Amino acid sequence: MHVGNFAGRILLFLTSALLLTANLPVYAQSAPAATNIRFLDNADMRVDGVLDEAVWQTLDTLGELRVTDPDTLEPSSFPTQTRLFYTADGLYIGVDALQPAGTQLARLSSRDADINRDGITVFLDTSGDARYGYFFGVNLGGTLIDGTLLPERQLSSLWDGPWTGEVRETADGYQVEMFLPWSMMAMPALTTENRKLGIGISRRAAWLDESWSWPALPESQARFLSGLHPVVLEELTEVSTEGLIFYPAISGTADRIRSDQDVRAGADIYWRPGSNMQISASLLPDFGVVESDDVVINLTAFETFFPEKRPFFLEGNEIFITSPRSAVRSAATSTGARQVSNNFALEPTTLLNTRRIGGAPERISLAPGLTVADHELSKPSELYGASKITGQQGALRYGVMLASEEDTSIYARNTLGDEVALQQLGRDFGVLRLLYENTNNGRRSIGMMSTVVDHPDSRAQTNGVDMHYVSPRSRLIGDVQLINSDVNGVQGNGVYLDVNYVPQQGTLHRFSFDYLDDKLDVSDLGFLRRNDISTLRHTFNQQSSASERFRFVNHNITTSYERNTAGRMVGASLYYRNTLTLQSRNQLNTTLIFRPERWDDRTSKGNGNYRFAQGGQVDVAYGTDTSKTLSSSIGFSASTEAFGDVTYLSKLGLTYKPNDRLSVDVDLTYRQTDDWLIHLSGASLGSYDAKQWQPEIDVSLFLSARQQLQFSLQWVGIKGSTSALWRAQQGYSDLQQIGIPAANLQSYDLRISRATAQIRYRWELAPLSDLFIVYTRGGNVPRGQADDFNELFTDALTDPIIDRLVIKLRYRFGL
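Everything numeric in this text was worked out from a predicted model, so none of it was measured.

Visitor: Got a sec to walk through the overall build of the protein? Specific residues and values, please.
Guide: In terms of helices and strands, the protein carries 5 helices and 44 strands. Computed over C-alpha atoms, the radius of gyration of the protein comes to 27 Å, within 12% of the 28 Å expected from 2.2 N^0.38 for 815 residues, which places it in the range of a compact globule. For the protein, the spread of C-alpha atoms along the principal axes amounts to about 85 × 60 × 55 Å. Residues counted as buried form 52% of the 815 residues belonging to the protein. Of the contacts made within the protein by residues no fewer than 6 positions apart, 62% connect residues no fewer than 24 positions apart. Carbon together with sulfur atoms contributes 53% to the accessible area of the protein, which is approximately 35,800 Å² in total. Of the side chains in the protein, 74 bear a positive and 95 a negative charge, and the two mean positions are spaced by 4 Å.

Structure representation (structure tokens):
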């Protein structure tokens with residue numbers, strides 16, 4: 001059967017099943033009565049974490065918190081008294097969290113860090129009908145967390161808002177005060193008599209390794225955003241806005257590699273003409289590096305994804321998320337037991353990856369005799385500017401983004417070793433997003449997004465249509481996206497569909513289908529792991545809690561089947577993962593994977609396809625309770641390579657937190673592999689017996705909750721001895737070994753070393769106003785000659801490709 005027909009029939013079946021659910025009978029529980037929140041516009045408030053204002057004693061408390069992690073839903077062990085009121089300017093929240101003296105766990109961290117400590121988080125459905133919202137948290141010690149919230153439980157901590165939160169420890173617990181200004185939040189224009197919101201409260205009890213919430217909406221249930229408690233704000237007929245928000249920024253950079261100094265000034269400007277619309281612009285922005293990406297050595301044919309970190313592109317970004325797959329997701333959490341080191345993140349499938357804007361310039365054509373170092377080709381481009389409009393009109397939400405790059409100077413060398421400056425022209429970017437939503441009795445929505453990238457030598461355009469369905473009780477959730485790309489006249493198409501079914505608390509079925517043809521290309525502004533593939537996948541997840549032996553048990557079974565458009569199986573697996581959280585709050589994770597024989601159609605980069613042997617993977621990891629001063633993790637895994645040989649991986653990690661201001665994290669990974677198959681050039685591949693060391697060190701010292709001094713070091717070193725050379729054949733066949741004298745194999749040996757060290761000082765002068773002083777030094781030795789790892793490490797730091805000091809000041813003004 002032709003792959004296109006196969007894809008069409010599967011898609012028709014799944015889409016029909018999804019649409020038929022709209023006619024299923026609804027047995028929804030009655031919604032709780034909305035709570036009226038008091039309006040007190042003349043309250044004299046000082047947000048300092050001390051509930052000593054008289055107004056707090058006049059307010060009723062919200063509902064009783066229940067244990068949601070683990071999901072026993074029992075009443076919390078100790079009371080949490082939450083009160084709130086609002087003014088024309090914003091929402092005030094006061095929380096009195098009671099617990100035994102001496103059990104409070106305070107830990108400072110950088111903003112939004114997910115670590116185990118006591119704290120309070122507030123969730124707000126500002127749309128009033130479960131379309132979008134925000135979360136705001138204050139942790140014991142004073143660190144803030146915040147982010148955006150999409151249906152049903154898509155949380156992203158990439159957004160930061162200008163709000164105030166303080167905490168104070170007491171003899172019998174701690175108290176929290178928050179002020180959340182309406183002007184920072186997207187809200188629909190008022191179309192009814194009263195404005196409605198949804199609200200939820202969550203409390204982390206680190207000394208018990210528990211989370212308590214109201215309403216009780218554990219992750220083992222499907223509902224979250226639509227299950228927040230409804231509240232009514234009768235007096236909030238108009239939402240105040242701050243007018244223009246002006247973020248001037250100035251930075252100075254001293255580049256020791258180029259013996260160059262540069263000063264750059266620019267500004268971000270935000271304007272909310274109303275609560276349902278925001279216009280923003282970035283003029284001559286400086287996206288200078290004030291924090292570094294993880295060190296990654298990627299010897300595969302698949303691109304590494306790095307998340308966005310620039311505030312301008314994160315603000316209002318939620319409208320451009322077209323499905324759960326396009327959101328940046330984390331594979332692990334830092335609460336509870338310590339996890340082994342893991343740079344892996346679930347890669348998004350998205351038409352808009354804003355890291356492309358201002359990223360590496362278009363590849364430049366080199367004259368004969370010129371060579372360019374890899375780090376020159378991958379360095380970022382500067383921007384002339386960028387602008388964005390996001391908003392909502394009734395059931396329609398929209399977003400528009402434009403950006404333009406400056407030309408980039410790239411430095412090459414000729415055959416005499418002389419430096420030659422080359423110029424690559426910049427690109428122009430455009431994005432349009434529309435989303436229509438109906439949230440009556442569940443959620444039904446349809447959206448579209450178009451992107452375009454213009455360059456004098458090329459033009460790339462993508463178009464997508466996305467559809468979403470959430471049943472009234474959120475037990476059935478479906479997402480579909482159709483994709484079309486047109487790159488210089490070459491068109492490609494794709495579709496993917498995800499269906500989640502939660503028949504009862506603790507049980508999940510997820511069905512996924514993909515069809516992406518071999519011409520689909522969204523890489524100019526989006527991100528896609530690969531094209532030319534059809535995938536069927538089913539996941540069954542079941543979790544339970546509060547048994548005599550274990551606090552939490554989770555089982556995950558996933559089966560998948562993948563084939564390319566030529567009809568060849570390129571991937572299939574049977575995956576099982578078991579997580580056991582012991583009564584000691586330590587955790588044991590076990591993973592088993594079986595993969596049948598399949599074809600590898602990617603490693604040779606279009607120069608042939610070869611057979612990959614049957615095999616699998618075994619992982620075992622153990623982590624201890626992170627609420628302790630010292631926590632640790634250890635992991636071991638074994639996986640098979642292309643010829644059936646085994647790769648062994650060992651991981652060890654330690655975290656030391658002697659007090660709330662100092663944190664030391666050390667992780668070490670060691671890998672040993674036989675016949676590791678790596679692409680060399682053209683149809684040639686090499687198999688290597690290799691060893692790899694990867695240490696990571698992170699030390700953070702907090703002078704206060706707003707001042708952080710951080711040192712980080714990451715290094716990856718690889719030594720590989722060539723065992724054989726191979727040639728991929730056109731079509732589908734086994735690799736052919738290339739005959740070469742054993743003595744000559746040594747010239748293909750691997751010696752790779754990559755390191756980044758950074759010292760970073762950050763002072764949060766005011767909400768969203770920061771001073772950064774950052775020194776970064778890093779090296780990349782792709783073809784080293786050293787015989788031991790000590791020399792490889794030394795080479796990476798003594799012969800740097802980055803040696804830079806950046807001082808950056810950004811301050812927020814309201815005009």
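Now that the structure has been shown, the text picks up again.
Visitor: Kindly report on the pairing of strand E23 (residues 443-455), identifying the contributing residues and their values.
Guide: Remember that side chains alternate between the two faces of the sheet whenever the strand is regular. Of the pairings in the sheet, the one linking strand E22 (residues 428-438) to E23 comprises 11 bridges and is antiparallel in character. Bridge pairing in E23 links tyrosine 436 to isoleucine 446. Hairpin connection of E22 to E23: 4 residues between the antiparallel strands, including asparagine 441 at a positive phi of 60°. Sheet topology places E23 next to strand E24 (residues 458-470); 13 bridges connect them, and they run antiparallel. Each bridged residue has a counterpart across the sheet, and for serine 450 the counterpart in E24 is asparagine 463. In this antiparallel pair of consecutive strands, E23 and E24, the connection spans 2 residues.

Visitor: Talk me through the sheet that holds strand E5 (residues 90-98); I want residue IDs and the actual numbers.
Guide: Pairing is mixed across the open sheet formed by 5 strands, whose spatial order is E2-E4-E5-E11-E10. The open sheet has two free edges, formed respectively by strand E2 (38-39) and strand E10 (164-170), since each of these has just one partner strand. In the sheet, E2 pairs with strand E4 (residues 80-86) via 2 bridges, with the strands oriented parallel. What sits directly across from arginine 38, in E4, is phenylalanine 85.

Visitor: Tell me about the pattern of salt bridges, residues and numbers included.
Guide: Applying the stated rule across the entire model yields 40 salt bridges. Between aspartate 69 and arginine 204 there is a salt bridge, and its shortest N-O distance comes to 4.0 Å. Taken as a pair, aspartate 69 in strand E3 (residues 66-69) and arginine 204 in strand E12 (residues 195-205) lie far apart in primary sequence, 135 residues in all. Between arginine 397 and glutamate 437 there is a salt bridge, with the nearest N and O atoms lying 3.5 Å from each other. One end of the pair, arginine 397, is in strand E19 (residues 396-405); the other, glutamate 437, is in strand E22, and 40 residues separate them in sequence. Of the two residues, arginine 397 and glutamate 437, neither departs from the other in class, the shared state being buried. Each of Asp69, Arg204, Asp209, Glu210 and Arg551 takes part in one network of salt bridges that share partners.

Visitor: So what's going on with the packing of aromatic side chains? Which residues, and what values?
Guide: One pass over the full model with this rule turns up 22 aromatic pairs. A centroid spacing of 5.4 Å and a plane angle of 75° characterise the contact between phenylalanine 136 and tryptophan 163, whose relative ring orientation is edge-to-face. Placement of the pair is phenylalanine 136 in strand E7 (residues 133-139) and tryptophan 163 in the loop between strand E9 (154-156) and E10, with a sequence separation of 27 residues. We classify phenylalanine 136 as buried; its relative accessible area is 0%. Ring centres 5.4 Å apart and planes at 85° place the aromatic pair tryptophan 599 and tyrosine 732 in the edge-to-face group. With tryptophan 599 in strand E32 (residues 598-600) and tyrosine 732 in the loop between strand E39 (707-727) and strand E40 (736-738), the pair connects residues that are 133 residues apart, well separated along the chain. On the accessibility criterion, tryptophan 599 (11% relative accessible area) is buried. Here the aromatic cluster, defined as three or more aromatic residues joined through ring pairs, consists of Trp56, Phe85, Tyr92 and Phe179. Lying across the ring of phenylalanine 312, lysine 388 places its NZ or CZ 5.0 Å from the centre.

Here is what the cut-offs are and how they apply
Residues numbered from 1 in each chain as written. Predicted model: local features only at pLDDT ≥ 70, side-chain atom pairs only at ≥ 80, totals over all residues. Heavy atoms only, no water. Helix = DSSP H or I, 4+ residues; strand = E, 2+ residues; numbered from the N terminus. Rg over C-alpha atoms; globule rule 2.2 N^0.38 Å. Buried < 20%, exposed > 50% of the residue type's maximum accessible area, 1.4 Å probe, protein only. Contact = heavy atoms within 4.5 Å. Areas by Shrake-Rupley, 256 points an atom, 1.4 Å probe, with all protein chains shown as cover. Lys, Arg positive; Asp, Glu negative; His and termini not counted. Charge placed at Lys NZ, Arg CZ, Asp CG, Glu CD. Pairing = 2+ DSSP bridges. Salt bridge = Lys/Arg side-chain N within 4 Å of Asp/Glu carboxyl O. Phe/Tyr/Trp six-rings, centres within 6.5 Å; stacked < 30°, edge-to-face > 60°. Lys NZ or Arg CZ within 6 Å of the ring centre and 35° of its normal.

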